[in-house]
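Structural characterization, general
As a plain string of letters, each chain reads:
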Amino acid sequence: EAGVTQFPSHSVIEKGQTVTLRCDPISGHDNLYWYRRVMGKEIKFLLHFVKESKQDESGMPNNRFLAERTGGTYSTLKVQPAELEDSGVYFCASSPDRAYEQYFGPGTRLTVT
Amino acid sequence: AQKITQTQPGMFVQEKEAVTLDCTYDTSDQSYGLFWYKQPSSGEMIFLIYQGSYDEQNATEGRYSLNFQKARKSANLVISASQLGDSAMYFCAPDLEKLTFGTGTRLTIIP
């Protein structure tokens, strides 16, 4: 069974540009989560989808971040415009049920210069 | 905001010894489970062990065991017979309203 995949693995962009990160959860997992780890800080929750609906987006830092999950399958996280402080590793995770363990993707390392 | 504390930012342990990674947290929630994840240098987050809120016995998973003391709000991970491949960052994550990660402990196993 394929695990959670994320694309790209690494993205380097200039301040002010736009970047879109993609996450493909494990097939059949209704729950999809985004997290990020900014350099030197702990992993922080960003948001949680149940199918295509945003269940909890309390961790989204500001309106420069937009997450979507079209059709309840893959999800995208767009940062527009990117700022220097957005640099970090963005993880996606999925689970079949809210109470189950979350399976993490390999992460996307975002570097904003 | 809930606070998760892993008091050992870094640990060095001799191969084959047991190691205990500490985790304490602050929450008023009564019903929650707790996860531990491992992050090797390659960067992926690997699930290690989970204990549910009402599980009476401490969880074990191979060489990993959880010492979950809800009354004390602590959940220490014990790794027995450590191996070189155990060198990684370890994150405690109580499953509160959302999965909330601690700051992590970097474990280095010395040959």
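Above: the structure in question.
Described in the following lines is the structure provided in the data block. All values derive from a computational prediction rather than experimental measurement.

For the rest of this paragraph, the subject is the layout of surface pockets. Approximately 540 Å³ is the volume found for the largest pocket. Forming the walls of the largest pocket are 24 residues, and the residues nearest its centre are A:Glu42, A:Ile43, A:Lys44, A:Phe45 and B:Thr100. Mapped onto the lining of the largest pocket, the elements with two or more residues apiece are strand 4 (31-38) and strand 5 (43-50) of chain A together with strand 1 (3-5) of chain B. For the lining of the largest pocket, the leading source of residues is strand 5 of chain A, giving 4 residues. When grouped by side-chain class, the residues that make up the lining of the largest pocket number 10 nonpolar, 8 polar and 6 charged. By volume, the second largest pocket is sized at about 460 Å³. Taken together, the elements giving at least two residues each to the lining of the second largest pocket come down to strand 4, strand 9 (88-95) and strand 11 (108-112) of chain A together with strand 10 (88-95) of chain B. Counting residues per element, the lining of the second largest pocket draws most heavily on strand 9 of chain A, at 3 residues. Within the lining of the second largest pocket, the residues separate by chemical class into 8 nonpolar, 10 polar and 3 charged.

Right, let's talk about unusual backbone geometry for a bit. Residues and elements named next belong to chain A. Omega for the bond connecting Phe7 with Pro8 falls within 30 degrees of zero, at -5 degrees, which places this linkage in the cis form. Within the fold, Pro8 resides in the loop between strand 1 (5-7) and strand 2 (10-13). For the bond running from Gln80 to Pro81, omega is -10 degrees, close enough to zero to count as cis. Positionally, Pro81 belongs in the loop between strand 8 (75-79) and strand 9. Notably, Lys51 is not glycine yet its phi reads approximately 55 degrees, a positive angle. Topologically, Lys51 is positioned in the loop between strand 5 and strand 6 (53-56). For Lys51, a relative accessible area of 44% corresponds to the partly exposed category.

Next up on the list: the pairing of strand 6 of chain A. Residue and element names in this part refer to chain A. Sheet analysis places strand 5 next to strand 6, joined by 3 bridges and oriented antiparallel. Paired with Phe49 across the two strands is Lys54, which belongs to strand 6. Here strand 5 folds back onto strand 6, and the loop between the two strands holds 2 residues, one of which, Lys51, carries a positive phi near 55 degrees.

The rules behind the values
- Going along each chain's sequence as written, the residues are numbered from 1 onward.
- Chains and ligands are labelled by the order in which they are written, letters from A for the one and numbers from 1 for the other.
- Two thresholds apply to this predicted model, a pLDDT of at least 70 for residue-level local features and 80 or more for giving and counting side-chain atom pairs, whereas whole-chain, interface and lining totals are computed over all residues.
- Values reported for side chains reflect all heavy atoms of the structure, with hydrogen atoms and water molecules removed beforehand.
- We place a 1 Å grid over just the protein atoms. Points where a 1.4 Å probe fits but has no way out form a cavity, open points with protein on both sides within 12 Å along at least 5 of 7 lines form a pocket, and any residue with an atom within 4 Å of a point lines it.
- Grid points are joined across faces, edges and corners, and a volume is the space filled by probe spheres set on the points.
- Numbering goes from the N terminus for both helices and strands, where a helix is a DSSP run of H or I of at least four residues and a strand is a run of E of at least two.
- Under the scheme applied here, ten amino acids are nonpolar (Ala, Val, Leu, Ile, Met, Phe, Trp, Tyr, Cys and Pro), four are charged (Asp, Glu, Lys and Arg), and all others, including Gly, are polar.
- Remark: exposure states derive from per-residue accessible area (1.4 Å probe, protein chains only) relative to the maximum for the residue type, with buried under 20%, exposed over 50%, and partly exposed in between.
- Only strands that DSSP links by at least two bridges are regarded as paired with each other.

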